[in-house]
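Observations on the three-dimensional arrangement
Spelled out, the chains give:
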Amino acid sequence: MKASTLSDAALPIAIRDLTKRYGPVYALNAVDLDVHSGEFLTLLGPSGSGKTTLLMAIAGFNRPDSGSIKFGAEEVILKPPHKRDVGMVFQSYALFPQMSVADNIGFPLKLRGVGAPERAARVEEALETVQLGGFGARGIDQLSGGQRQRVALARAFVFGPRILLMDEPLSALDKKLRERMQIELKHLHRKLGVTTVYVTHDQREALTMSDRIAVINDGQLVQLDAPEVIYNAPANAFVADFIGESTMLPLTRGASGLMYRDQKIAETRDGESWSLVVRPERLFFAAQDAQSDDNTIVLRGTLRETVFQGESEMALVALDNGIELAFRFGTGATTNSTGGGLGEQVAVGLNRKDVIIIPGETT
Amino acid sequence: MASAANETELRRQHRREQLSILSLVIPALVVVGLIILIPLSWLFYLSFLGDDGGFSLENYLKMTQYKSYYRIFITTFQVSILTTMICIALGYPLAFFLAQLPPRWAGVFMLAVLLPFWTSLLVRTYAWLVLLQRKGIINEFAMDMGFWEKPLKLVHNMTGTLIGMAHIMLPFLILPLYNAMRKIDRDMMHAAANLGANPVRAFWAVYFPLSLPGMVAGSLIVFVLCLGFYVTPAVLGGGRVIMVSNQITAILENQFDWGAASALGVVLLVATVLCLFLAARFFKLDAALFGRD
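Conventions used here
Residues numbered from 1 in each chain as written. Chains lettered and ligands numbered in written order. Predicted model: local features only at pLDDT ≥ 70, side-chain atom pairs only at ≥ 80, totals over all residues. Helix = DSSP H or I, 4+ residues; strand = E, 2+ residues; numbered from the N terminus. Buried ≥ 20, exposed ≤ 12 C-beta atoms within 10 Å, placed from the backbone. Contact = placed C-beta atoms within 7 Å. Rg over C-alpha atoms; globule rule 2.2 N^0.38 Å. Domains from an automatic or database assignment. Pairing = 2+ DSSP bridges. Axes fitted to C-alpha atoms, helices over the stretch in contact; angles between N-to-C directions. Nonpolar A, V, L, I, M, F, W, Y, C, P; charged D, E, K, R; others polar. UniProt positions renumbered as here; feature names shortened; annotations may be inferred. Core = buried A, V, L, I, M, F, W, Y, C linked by C-beta atoms within 7 Å. pLDDT = per-residue confidence, 0-100.

1. Here we look at the overall build of chain A
- When helices and strands are tallied, chain A shows eight helices and 20 strands.
- The principal-axis extent of the C-alpha atoms belonging to chain A is close to 80 × 45 × 35 Å.
- When the 363 residues of chain A are sorted by exposure, 38% land in the buried category.
- Long-range contacts, defined as pairs at least 24 residues apart, comprise 66% of the intrachain contacts of chain A with a sequence gap of at least 6.

2. Observations regarding the overall build of chain B
- In terms of helices and strands, chain B carries 14 helices and zero strands.
- When the elements of chain B are put in sequence order from the N terminus, they spell out α-α-α-α-α-α-α-α-α-α-α-α-α-α.
- In terms of overall size, chain B is more extended than a compact globule, its C-alpha atoms giving a radius of gyration of 25 Å where 293 residues would be expected to give roughly 19 Å.
- In terms of overall dimensions, chain B has a C-alpha envelope of 95 × 75 × 35 Å along the principal axes.
- By residue count, 29% of the 293 residues in chain B fall in the buried class.
- Within chain B, counting contacts between residues at least 6 apart in sequence, those at least 24 apart form 74% of the total.

3. Topic: the domain arrangement of chain A
- One can read the domain layout of chain A as domain 1 (1–86 + 161–233), domain 2 (101–157) and domain 3 (245–359).
- The gap between the C-alpha centroids of domain 1 of chain A and domain 3 of chain A is 36 Å.

4. Comments concerning the sheet that holds strand 16 (residues 296–308) of chain A
Residue and element names in this part refer to chain A.
- Reading across from one edge, 15-19-16-17-18 is the order of the five strands in this open sheet, with antiparallel pairing throughout. Since the sheet does not close on itself, it has two edges, and those belong to strand 15 (283–286) and strand 18 (324–330), each with one partner. On average, each strand axis in the sheet is inclined to that of its neighbour by 50°, with strand direction left out of account.
- In this sheet, strand 18 lies alongside strand 17 (residues 312–319) in antiparallel orientation, the contact comprising seven bridges. Across the sheet, Ser312 pairs through a bridge with Gly330, a residue of strand 18.

5. Here we look at the interface of chain A and chain B
- Facing 15 residues of chain A, the contacting portion of chain B comprises 14 residues.
- In terms of residue class, the side of chain A that touches chain B is built from eleven nonpolar, three polar and one charged.

6. Points about the domain arrangement of chain B
Residues and elements named next belong to chain B.
- The domain boundaries assigned to chain B delineate domain 1 (1–47) and domain 2 (65–290).
- Here the C-alpha centre of domain 2 lies 37 Å away from the C-alpha centre of domain 1.
- Taken together, the contact between domain 1 and domain 2 spans four residues of the former and six residues of the latter.
- For the side of domain 1 that touches domain 2, a count of residues per class yields three nonpolar, one polar and no charged.

7. What about the UniProt feature "transmembrane region" (unreviewed entry) in chain B?
Residue and element names in this part refer to chain B.
- When the UniProt feature table is mapped onto this chain numbering, "transmembrane region" (unreviewed entry) sits at residues 21–48, 68–98, 105–127, 162–181 and 260–283.
- The span residues 21–48 carries 89% helix and 0% strand; its end-to-end C-alpha distance comes to 40 Å.
- End C-alpha to end C-alpha, residues 68–98 measures 43 Å, and it is 100% helix and 0% strand.

8. Some thoughts on the nonpolar core
- Counting residues in hydrophobic clusters, the biggest one holds 103 residues, and the most contacted among them are Leu55, Ile58, Ile105, Ala154, Phe157 and Leu165 of chain A.
- Apart from residues lying up to four places away in sequence, Ala154 of chain A is in contact with Ile105, Ala126, Leu127, Thr129 and Val130 of chain A.
- Among the nonpolar cores identified, the runner-up in size contains 44 residues, and Met165, Leu177, Val244 and Ala260 of chain B belong to it.

9. Let's talk about the environment of Gly67 of chain A
Residue and element names in this part refer to chain A.
- Mapped onto the fold, Gly67 is located in strand 4 (residues 66–71).
- Here Gly67 falls in the partly exposed class, since 17 other C-beta atoms lie within 10 Å of it.
- For the pair Gly67 and Asp32, spaced 35 residues apart in sequence, the C-alpha to C-alpha distance is 9.1 Å.
- The residues touching Gly67, leaving out its near neighbours within four places in the chain, are Arg16, Asp17, Leu18, Thr19 and Ile77.

10. Remarks on the sheet that holds strand 14 (residues 274–278) of chain A
All names here are of chain A.
- Here we have five strands laid out as an open sheet, ordered 13-12-11-14-20, and antiparallel in their pairing. For this open sheet the edge positions go to strand 13 (263–266) and strand 20 (356–359), each flanked by a neighbour on one side alone. Here the average twist between neighbouring strands, direction ignored, is 45°.
- Where strand 11 (residues 247–253) lies against strand 14, five bridges are found, and the strand directions are antiparallel. By the bridge assignment for strand 14, Thr247 is matched with Val278.

11. Points about unusual backbone geometry
Residues and elements named next belong to chain A.
- Its identity as a non-glycine residue notwithstanding, Asp17 has a phi of 55°, on the positive side.
- Within the fold, Asp17 resides in strand 1 (residues 13–22).
- Using a count of 13 C-beta atoms within 10 Å as the deciding quantity, one classes Asp17 as partly exposed.
- Notably, Asp85 is not glycine yet its phi reads approximately 60°, a positive angle.
- The residue Asp85 is located in the loop between strand 5 (74–75) and strand 6 (87–89) in this model.

12. As for the UniProt feature "domain: ABC transporter" (unreviewed entry) in chain A
- Under the feature "domain: ABC transporter" (unreviewed entry), the UniProt entry names residues 13–243 of chain A.
- Spanning residues 13–243 of chain A, this segment combines 36% helix with 26% strand, and its end C-alpha atoms are found 25 Å apart.

13. Quick notes on helix 12 (residues 244–254) of chain B
Residues and elements named next belong to chain B.
- Of all the positions in helix 12, only Val244, Ser245, Asn246, Gln247 and Ile248 are classed as buried.
- In the core, the buried residues of helix 12 are packed alongside helix 4 (67–100), helix 11 (231–236) and helix 13 (258–283).
- Count one or two residues on from helix 12 and you reach Phe256, which has phi positive near 50°.

14. Looking at the environment of Trp204 of chain B
Residue and element names in this part refer to chain B.
- Mapping Trp204 onto the fold places it in helix 10 (residues 199–227).
- A count of 12 C-beta atoms within 10 Å places Trp204 in the exposed class.
- Residues Trp204 and Thr83, spaced 121 residues apart in sequence, show a C-alpha to C-alpha distance of 24 Å.

15. A closer look at the confidence of the model for chain B
Residues and elements named next belong to chain B.
- Looking at chain B as a whole, the pLDDT averages 89, with 96% of positions reaching at least 70.
- Here helix 14 (residues 285–290) stands out as the least confident element of chain B, with mean pLDDT 53; helix 9 (residues 186–194) is the most confident, with 95.
- As a predicted assembly, this complex carries a pTM of 0.82 together with an ipTM value of 0.84.

Shown next as C-alpha cells:
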C-alpha cells in the first residue's frame, strides 16, 4: 500500500460516461465530470437527482452499469471500496458505537498497520484539528451532534486520503451550528488541500463552500461552474430556479431584439425561446414616472404584499400580465420607496447589467 | 384557603389519571398471583416436607446421595448448551441473510421460519420421529443414494433430541437476532469498507459486535427454554436422554413422591434464575432483551 500522508498531492478525479440505471430510471445518465486536484467541488441537486448515486459510485458502494472513474491515472471502477483509499463523511456519521472516539478515528490507521504509539499521536493530532483535543476516551453516545460530526470528519482524513467525500454531512445539525461548520469545513479543506467532493441539496451551502458547483438533475450534469457563474449566468431555467430566488419573464423575438412585452431587453440570439431571470435583490424601487432607458429597465405593477424578514423585506409585485415579481430590499432602504401602499401601482427598476437571459420557456 | 388557581382540582385530576393507568395492570397481577406465585410457594413448601410431615431437607439430601441426579443435571445443561450452539450456528447465517434482503422478501422468508412455529409442538416432534427412525425417510433415502450402508441411529438418543430441539428453538433465536441486525445502519458497513476494512474484517470489527446483543438475547431465551423442556427429549430421546423435567415426571409416575419432585423443580428454577442473573451481569441483559441503547 502506498504511504499516504497529509503532504501528498491531492488526486484529480475523472469520470467518463458513467451510467447507472434502476429499472427504467437513469440515476446517472452518461455523466462526464472532472474534479480538479485539490478543489472543493459540490454536487448540487434536488433529492432523487442522482447526486448521491454519483458520490456512492466514486466511493465504490454501488456498481454502475458502465463508464469510467479514474483517481489520477488509475482506473478504480472495478476496485472494491476498501481498496479505494478515499475518506468519507456520512450523513448519519456512521460512527461505530461500540468503539471509543479514539478507536473510531484510529480504526483506519489500525487497518493500515500503524503501530499503537504513532496511532495515538495521529488520532490526537486529528482530534486537535477538529477542536476536540482530549476527547479520545469518550464513548460515541457521550457526544453531541456537532461533536459526532467532527469525529466523523477526523476519522475520514486521519489516514491521509487524497480524496475526501462528504454526503450531506451537515444536514442533521441546527442552522447556527451548520453555518459555523460550513466555515470550518472550508478552513479544513484549505489546510489539508485534499480533493473534496461534497453532496448537498442546499444551494446556499453549495454557494458558500464550493470552488465549483456541479448542478445535477435527472441523472445528468446540468452545469459545472464557479458559484458566481452558476448564480449570475445560469445555464437554463432549472439552474436559475434551483439556485437563489428568481422570477422568470418570457421574452419574445421582436424586430430590434429580445423583447419583454414592448421593451427591448437584449440583442437577438439564436434559439427558439428565451426568458429573463430577475433576482429579487437586484431590483429597486424606481420613481413613479421613471421610464426605461439605456441603463435601466422599468417594470410596473401592483404591490401585493410586503413581508418583513429581519435583515431584509420581501415585496411581491403583480405585473400587468399576472406574473408576480419577487423583490427584496434592505429594511433600512425603504426611504426610496415611492410610498406605494398595498394595492397601489409601483415602478420597479432593474439595471441592464443585471439582466440574465436563459434559453427556454418559463414554466 | 388561598391556594393557587385550580391547584387542588388539577392535582386530583393528575392522580386520578395515574390510578386509572395503574388499574390496567390488575388483571395481570391477579393471574401472576394465582397461577404462578401460589403454586410456586406450594412447590417450595412441599420440597421441604419430610416423610414425617415436618420440616426436613431430606429431599435435597437425596439429590446429593444418588449419582443419577448428578447425571440428570449434566444432561440437562449439556442438551441446553448444545441446542443453543446449534441454533446459533444455523440461525446466525440465516438471520444475516434475511437482514440483507429487501424487507418485503425478508417477510416471505421469515414466514418460512415462523410457519413451523405455529404448528403444534407435539406434531413437529412426532414428525421428526417419522423422519429419523430406522426405516424413516432420511435413512431410506440415504441408503438408496448410497450415503451409508446400514440405517443410522438418528433417534431415541442424543442426536434425535438435539435435532428436534434445535428445530423447535430456532425461531426463538432468529427473531431477536434478525431484529438487532435490521437495526444496523447500512452506512456502518460502508464506513468500515471505506476506511479500508475488507468484508471479513468489517464483519468482525463492526457488524458482529452490533448484532451481539440480539444474539445474546436469543441464545438466553433458547437456553432457558431448553432447561425446562419436556416433550422433545421424552419422545425423541427414547428414555436415553433424561432431563430434569423428564425425571420429575418419572418420580411422580413411579413413586408418587411429591416432595422429591418439588425439590428437583426448585433446584431447576434456582439454576435457571442463576443463569439469567449471571448473563445479566456479563451482557447487560436489559439492553439485549428490551433493545434499549
